[in-house]
Amino acid sequence: MSQSEMSRARRHLETTKKMKEMLPRFFMRMMERKFSNEPVAWCMVGIPPELLKAFDLLFEWPENFGTMCASRQVAPHFIEVAENDGYSPELCSYVTNTMGYCKLYRERGEAPEESPLPGGMGNPAMLLGSGFVCEPRWKWFQSIATRFFDIPIYCTDPLAPPWDIDPHDPRIEEHYLTLLREDLAGQIEFLEKQTGKKLDLGHLREIMERSHEALAYWRDTLALRKAIPSPMGSTDYFHAIIPQMYLVGDEDAVEFYREMYEEVKDRVERNIGVVEDEKYRLIWFGLPPWFNMGLFNYLESLGAVVAYESTYNVGDHFEVDLSDPLEAIVRRTWQRALKMHEYGSETMPELCNPAVFGGFSGSSLLEELVNDYSLTGGLMHLTRSCRAVSFGEVHTRNMLAKMNVPSLIFESDMADPRFWSDAQIKTRLHAFLETMDKARQRGEIDEL
Amino acid sequence: MSSNRFQFNQHSFTTAENENLVQHLKERTKKPVIGYLCCFAPPEIISAAGAIPYRITGRPGRDTSAADAYVEPYGCTYVRSILARAAEGELDFLDGLVISHSCDMVQRLYGIWTYYHPLDFSYLFNVPHQLTPWARDFFKRELGFFRENVEHFTGQKVSTGQLQETINLYNKNRSLIRKIYKLRKYDRPPVEGSEVFEILMAGGVLPPEEYTGFLESAVHDFKRREAAKEKVPRIMIWGSIMDSPVLYKIIEEAGGKVVCDDTCIGFRTWEKDVPSTEDPYDGLTEHYFINFQCPRTNRGPGVGRFNYLLERAREYKVDGVVGYIISFCDPHKFDYPDLRDYLKEAGLPMVLIDDNYSFEPAEAIKTRLEAFIEML
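Just so it is clear, the structure is predicted and the values come from calculations on it, not from any experiment. (Residues numbered from 1 in each chain as written. Chains lettered and ligands numbered in written order. Predicted model: local features only at pLDDT ≥ 70, side-chain atom pairs only at ≥ 80, totals over all residues. Heavy atoms only, no water.)

Asks: Looking at this structure, how should I read the interface of chain A and chain B?
Replies: Interface extent is often summarised as the accessible area lost during association of the parts. Across the contact, 59 residues belong to chain A and 59 residues belong to chain B. Carbon and sulfur atoms make up 57% of the surface buried where chain A meets chain B, a total of about 5,100 Å² over both sides. By the criterion of area lost to chain B, the three top residues of chain A are E135, H175 and F391 of chain A, representing 14% of everything that side buries. Here chain A is connected to chain B by 6 salt bridges. (Contact = heavy atoms within 4.5 Å. Buried area = accessible area lost by both parts, 1.4 Å probe. Salt bridge = Lys/Arg side-chain N within 4 Å of Asp/Glu carboxyl O.)

Below, the structure written as structure tokens:
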């Protein structure tokens, strides 16, 4: 790997390009508060972000920090610091990136200057973890609180029924809902204690209303990508998660997703695609290589557009009664579990929390997506340091093969560019596109 | 060493022999065999429902390519080994399967295994990661669902009295195992670590009442033995699952003596009794959820979560700790730097063997361990 092989993403939508103006304003506001010594919570995807807003808490997402460090090519430095401290290169590179940052912070008494943002993530006053998606996520915060910062910590623990248990059985439903309710209550109790504030349910409801409004626009935007040519590609998709992470429940976020929806709708009406001559429509599985998001533009230069992604969905929109906002949080989590169950959750039963990210599971969901989005192939990024998201790719490949949809599994990582092999990956991508050509010649996949 | 090794009806308790034995048991008793992985779903419930609980094991070092058709190459090699065995039909003697939501990989193995190779009975025993009061309640309810499902499969109801009796049987075995461990506290222990390990492996296959007899003979035999001839460095093994005595034997060959461990087929399972409670499901929850020391369960931040290890090391007069972690075993890999530093501060050296569930290259592992043991 050399730096010259890495390229940053070129976006297609005006709305996502505008984030460059919107986000710095937001980050500046955050920084001002940080510099006045307001406590910062380090958070993990999977905790309901609306709660953070309801407590008016300053927060950072170390996972997102990992993506930023990767895209600015500084992650290897932090990762190597962590590895020298004894953390295995097999561990999640978002984790090792953070551990390196923490170690340097402790040594220097301030945020390492290598950080992509001035002041980096600062230092945490509390940790809000989650067992959603994988166990390294809560182990990560346990390690931070053991090794670097002796601060209070709460980890949510959402569970969902396995694929062969009927979640509609009222006793099973109650079994899981009870856990989800009590876990949420525990989280609120923790936040009230740490912030000294009482949760204002009315305020939370308003935030959730705006958050759900944004999610509805997001859902409708994704549906527009069924159009041929696809009006939106992965470079816009993966960057569009940021407003829902940082500005959840803000009018700014609703506005952002509304504008994005309108722009994409307009592109569909005017038949404007990401690729002029769209030859291949792909579904992307796994985390993206954040250090080389230009990969998607490279694919586009070959006539291949990603019309659907399995990860980093900003969240599913579920119709839930918001009159009791706490029950609404529990119910949308459960609804996601039900939806996943309906689609077949044999690879990831615990992936049930829709708080921020969607994620993917389910063999029958694939069939629906292949048909609705006119997909011609699957591209699977096998991330060595994230088995949680990679798990199921072979199974998914088997399912796609049953539908005569070719797929390619290629190996690298989401934040650690040391695993990137440019020439090898591009050779394999070219060969894969040829496979789709041949499948089309044999009539196994449709002409676009 | 072998002439002095404990023998029981000419059996040794390696994976292959255990599998032969369980199949004989199945023929003899006409009971179904329910295979299980990890230590959360209590075998007591399987036994009380009239089935034979069988601890499934992998085959260290053997080719796992049969798993490639179903799972990715990056992942716990132990789990891949088990899936490869299932794919190759080696585990077809199982009538049922119980997998606990212990770590991510084991939990996901359940879905893939049962999707591609369904069994007559299968159950994912779901386990929270946090030790909160509501997680505890969830675990207890899960025990009830598990019991119902096993009952439905075997057609045999489990009364509270029967369950308590079965728990008592297992507890008796636990106390016998602790007697064997106690002998290892001597300055010159009369038993080898690898020998004790094989005895523990027998616990994964023998019905509890037969295991009692087996253990009683072992205790009897060991107590009559002379102390070891010389004092050698005393080792504790900590880490990922180990279902073969290979590492124990390498340590012995390298000049050390394994006197205790913190592994799941080892002392984590046998250290304590299931507490006697009015409602046996409370005791089972206490034992299998609260007390069971696997790093997949959150015992809070801070090195205080390792205190039990240091206490054990002192109790057994341990000179050094050998850490053993299987590739991609996240829960142990996360804990390693903290544990290493904690032990170092307490004056206890630690060496880490990072292995892909093959114990290869054995010579290189042995050389590292020889250097470590020499240093002690």
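Here the narrative resumes.
Asks: Please explain the sheet that holds strand β2 (residues 52-55) of chain B as it appears in this structure.
Replies: Within a beta sheet, neighbouring strands are joined by backbone hydrogen bonds and run either parallel or antiparallel to one another. Residues and elements named next belong to chain B. The strand order across the open sheet formed by 4 strands is β2-β1-β3-β4, and the pairing between neighbours is parallel. At either margin of the open sheet sits one strand with a lone partner, and together these are β2 and β4 (121-125). Neighbour to neighbour, the strand axes of the sheet diverge by 20 degrees on average, direction disregarded. Pairing analysis gives 4 bridges linking strand β1 (residues 33-37) to strand β3 (residues 96-100), with the strands arranged parallel. (Pairing = 2+ DSSP bridges. Helix = DSSP H or I, 4+ residues; strand = E, 2+ residues; numbered from the N terminus. Axes fitted to C-alpha atoms, helices over the stretch in contact; angles between N-to-C directions.)

Asks: It is not clear to me how a negative patch on the surface should be interpreted in this structure. Could you clarify?
Replies: All names here are of chain B. A cluster of acidic residues, E253, E363, E370 and E374, forms a negative patch on the protein surface. Of the residues forming the negative patch, the biggest block, 3 residues, is contributed by helix α14 (residues 362-375). If you trace the backbone, E253 turns up in helix α9 (residues 246-253). Classification of E253 by relative accessible area gives exposed; the value is 55%. (Patch = residues over 30% accessible without salt bridge, like charges linked within 9 Å, V, L, I, M, F, W, Y side chains within 5 Å. Areas by Shrake-Rupley, 256 points an atom, 1.4 Å probe, with all protein chains shown as cover. Lys, Arg positive; Asp, Glu negative; His and termini not counted. Charge placed at Lys NZ, Arg CZ, Asp CG, Glu CD. Buried < 20%, exposed > 50% of the residue type's maximum accessible area, 1.4 Å probe, protein only.)

Asks: So what exactly am I meant to see when it comes to the environment of S240 of chain B here?
Replies: Residues and elements named next belong to chain B. Tracing the sequence through the fold places S240 in the loop between β5 (234-239) and α9. Taking relative accessible area as the criterion, S240 reaches 2% and is therefore assigned buried. Expressed as a C-alpha distance, the spacing of S240 and F197, which sit 43 residues apart in the sequence, is 15 Å.

Asks: Got a minute to help me understand the pairing of strand β1 (residues 40-43) of chain A in this structure?
Replies: Within a regular strand, side chains alternate between the sheet's two faces. Residue and element names in this part refer to chain A. Side chains V40 and W42 project from β1 onto one buried face, and the interleaved A41 and C43 project onto a second face that is buried too. The pairing of β1 with strand β2 (residues 58-60) spans 3 bridges and is parallel. Opposite W42, over in β2, you have E60 as the bridge partner. Each parallel crossover has a hand, and the one from β1 via helix α3 (residues 49-54) to β2 is right-handed. (Right-handed = clockwise from strand over helix to strand, strands pointing away.)

Asks: Is there a simple way to explain the pairing of strand β8 (residues 350-355) of chain B in this structure?
Replies: Residues and elements named next belong to chain B. Along β8, 5 of the 6 residues are buried, which leaves the element largely enclosed by surrounding structure. Sheet topology note: the strand β7 (residues 320-326)/β8 ladder contains 6 bridges and is parallel. From the neighbouring strand, I325 faces β8, where its bridge partner is D354. Once you follow β7 into helix α13 (residues 330-345) and on to β8, the crossover reads as right-handed.

Asks: Explain the pattern of salt bridges here, please?
Replies: Close approach of charged atoms lets side chains of opposite charge pair. As enumerated under the stated definition, the model contains 63 salt bridges over all chains in all. A salt bridge links E107 of chain A to K103 of chain A, with the shortest nitrogen-to-oxygen separation between them at 3.3 Å. In this pair, E107 of chain A and K103 of chain A both sit in helix α6 (residues 93-108), 4 residues apart, roughly one turn of the helix. The class for K103 of chain A is partly exposed, based on a relative accessible area of 23%. Taken together, the shared-partner salt bridges in this structure form one network comprising D85, K103, E107, K139 and R147 of chain A together with R305, D335, D338, R340 and D341 of chain B.

Asks: Looking at this structure, I do not really get the packing of aromatic side chains. What am I missing?
Replies: Any aromatic ring pair is given by two values, namely how distant the centres are and how the planes are angled relative to each other. The tally for this structure, following the rule as stated, stands at 46 aromatic pairs over all chains. Taking the centre distance of 5.8 Å and the plane angle of 65 degrees together, the rings of Y105 of chain A and F149 of chain A count as edge-to-face. Of this pair, Y105 of chain A sits in helix α6 while F149 of chain A sits in the loop between α7 (136-147) and β4 (153-156); the two residues are 44 residues apart in sequence, bridging distant segments of the chain. Of the two residues, Y105 of chain A and F149 of chain A, both sit in the buried class. Ring pairing ties together the aromatic residues W218, Y237, F238, F256, Y257, W284, W290, F291, F296, Y312, F410 and W420 of chain A, which thus form one cluster. Stacked on the ring of Y298 of chain A, the Lys or Arg K426 of chain A has its end atom at 4.6 Å from the ring centre. A cation sits over an aromatic face here: R296 of chain B above F40 of chain B, 4.9 Å from the ring centre. (Phe/Tyr/Trp six-rings, centres within 6.5 Å; stacked < 30°, edge-to-face > 60°. Lys NZ or Arg CZ within 6 Å of the ring centre and 35° of its normal.)

Asks: Where do I start with the state of the cysteines in this structure?
Replies: What we call a disulfide is simply a covalent bond connecting the sulfur atoms of a pair of cysteines. Counting across every chain of the model gives 0 disulfides over all chains. You can see C102 of chain A has no disulfide; the closest cysteine sulfur is in C69 of chain A, sitting 11 Å from it. Take C264 of chain B: it sits in no disulfide, and the sulfur closest to it among the cysteines is that of C39 of chain B, at 5.0 Å. (Disulfide = S-S within 2.5 Å.)

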